[in-house]
Structure formats: structure tokens, C-alpha cells
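# A closer look at the structure
Below are the chains, spelled out letter by letter.
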Amino acid sequence: INDATFYNGQLYVSYFSLSGGFKADIYDGGVAQLDPYTTEPPMPVLTGLWKPHTPKFFDGKLYVLDSMRGNLVSGKQERLPQLPGFVRGMDKSENIFFIGQSADMYVTDRMQSETVMLNAGIYVCDTKYNATRFINFKGAMNIHDIIIWE
């Protein structure tokens, strides 16, 4: 289990590998739903993710960061940003997502993408206009989560 959130009486957890093979480079990661009041096994709800982080619900929809690919993912078909860094930590206000990026700890694993951004900061992503701005945090190495106070 990597990160967790509680929504409508259910626990949602992100995981690197359902099979447990992440140490052998088997990244069958995702998000699973668990009913904390029963002994039923976890039920995967989002799959095929590579080192996912930060499952959160906004407006009744589940979102998670597919950290190694730099994707913001949800179960709904919608235009969501793809970012060039190792993303984890997010919050949302109206149509703006705030997504954290840590200094990349897995550079050689991510070299398959066209561009790999290595510094830490926060993306401000306007999903209505498909526009993104990156705010660099000089000297920072890791961002684990973001909370926006309104």
C-alpha cells in the first residue's frame, strides 16, 4: 500500500504491484477499494498504473497520479494533463488541479519518455483550457502531498 483515502465509508489505497512483484520490476499497480467493516478482499478499481500515488475524490470522482508516467488518471473519460516529471500529491479547486512533482528518483526508468523534468515544484493545471504552469521550488527534493486552503 502506498497512499490511502477514505470516501463514502470505503477505503481506497494505491499500490505499486497487485502481484507483489514490484521488486522484480513488475509494476501492475493501481487503486483498490476496501470495505473496512468486512473481511472481503480488496477490489481493484483502477489498474495498469506505474507507481501510483495520491488517490483522491473530487466532485464524486476518483483521481490518482500515475507517478512514473506523469499522468493524472480518473475512471471517467476527460482531458487530463500528462506531465514530464515524477508526480505525487495533488489537490483541486474548481477546474484547477495542483499537482506536486518531486525531484526524479527514477531517472533511468523514465528515460523512455521524450522529456524528463528533474526538479521539484507544483504544476497548476487548468483542465478547462488545457493550460499548465510549473512553479519551481529551488532546493526542494520531494513533494508528497498538496492541500489548498480556500
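Quick note: structure is the one above.
In short, a report on the structure. Source: prediction; values computed, not measured.

### Considering the overall build of the protein
A count of helical and extended segments in the protein gives one helix and eleven strands. Listing each helix as α and each strand as β along the protein from the N terminus yields β-β-β-β-β-β-β-β-β-α-β-β. For the protein, whose C-alpha radius of gyration is 15 Å, the value lies close to the compact-globule estimate of 15 Å for 150 residues. For the protein, the C-alpha atoms occupy an extent of roughly 45 × 40 × 30 Å along the three principal directions. Within the protein, contacts between residues separated by at least 24 positions form 39% of all contacts whose residues are at least 6 apart in sequence. With an accessible surface of roughly 8,600 Å², the protein has 53% of that area assigned to carbon and sulfur atoms. Charged side chains in the protein number 13 positive and 16 negative. The centres of these two groups are separated by 6 Å.

### Describing the sheet that holds strand 10 (residues 121–126)
One open sheet holds the four strands; their spatial order is 8-9-10-11, and the pairing between them is antiparallel. Looking at the sheet topology across the chains shown, the edges are occupied by strand 8 (86–93) and strand 11 (131–136). Neighbour to neighbour, the strand axes of the sheet diverge by 20 degrees on average, direction disregarded. Where strand 8 lies against strand 9 (residues 96–102), six bridges are found, and the strand directions are antiparallel. From the neighbouring strand, S93 faces strand 9, where its bridge partner is I96.

### Considerations on the pairing of strand 6 (residues 61–66)
Where burial is concerned, most of strand 6 is hidden: five out of the six residues are buried. Pairing of strand 5 (residues 52–58) with strand 6, which is carried by five bridges, proceeds in the antiparallel orientation. Within strand 6, the residue paired with K56 across the bridge is Y63. Taken together, strand 5 and the strand that follows it, strand 6, pair antiparallel across an intervening segment of two residues, in which D59 is found at a positive phi of about 55 degrees. Note: strand 6 against strand 7 (residues 71–74), four bridges, orientation antiparallel. Residue pairing across strands places D66 opposite N71, the latter belonging to strand 7. Counting the residues that bridge the hairpin from strand 6 to strand 7 gives four residues, and of these G70 lies at a positive phi of roughly 70 degrees.

### As for the pattern of salt bridges
Counted under the stated rule, the structure contains three salt bridges. The closest approach of N and O atoms between D59 and K92, which form a salt bridge, is 3.0 Å. Here D59 is found in the loop between strand 5 and strand 6, whereas its partner K92 is found in strand 8, with 33 residues between them in sequence. D66 is paired through a salt bridge with R69; the nearest N and O atoms lie 3.0 Å apart.

How each quantity is defined
- Residues numbered from 1 in each chain as written.
- Predicted model: local features only at pLDDT ≥ 70, side-chain atom pairs only at ≥ 80, totals over all residues.
- Heavy atoms only, no water.
- Helix = DSSP H or I, 4+ residues; strand = E, 2+ residues; numbered from the N terminus.
- Rg over C-alpha atoms; globule rule 2.2 N^0.38 Å.
- Contact = heavy atoms within 4.5 Å.
- Areas by Shrake-Rupley, 256 points an atom, 1.4 Å probe, with all protein chains shown as cover.
- Lys, Arg positive; Asp, Glu negative; His and termini not counted.
- Charge placed at Lys NZ, Arg CZ, Asp CG, Glu CD.
- Pairing = 2+ DSSP bridges.
- Axes fitted to C-alpha atoms, helices over the stretch in contact; angles between N-to-C directions.
- Buried < 20%, exposed > 50% of the residue type's maximum accessible area, 1.4 Å probe, protein only.
- Salt bridge = Lys/Arg side-chain N within 4 Å of Asp/Glu carboxyl O.

What is shown is where atoms sit, not what they do.
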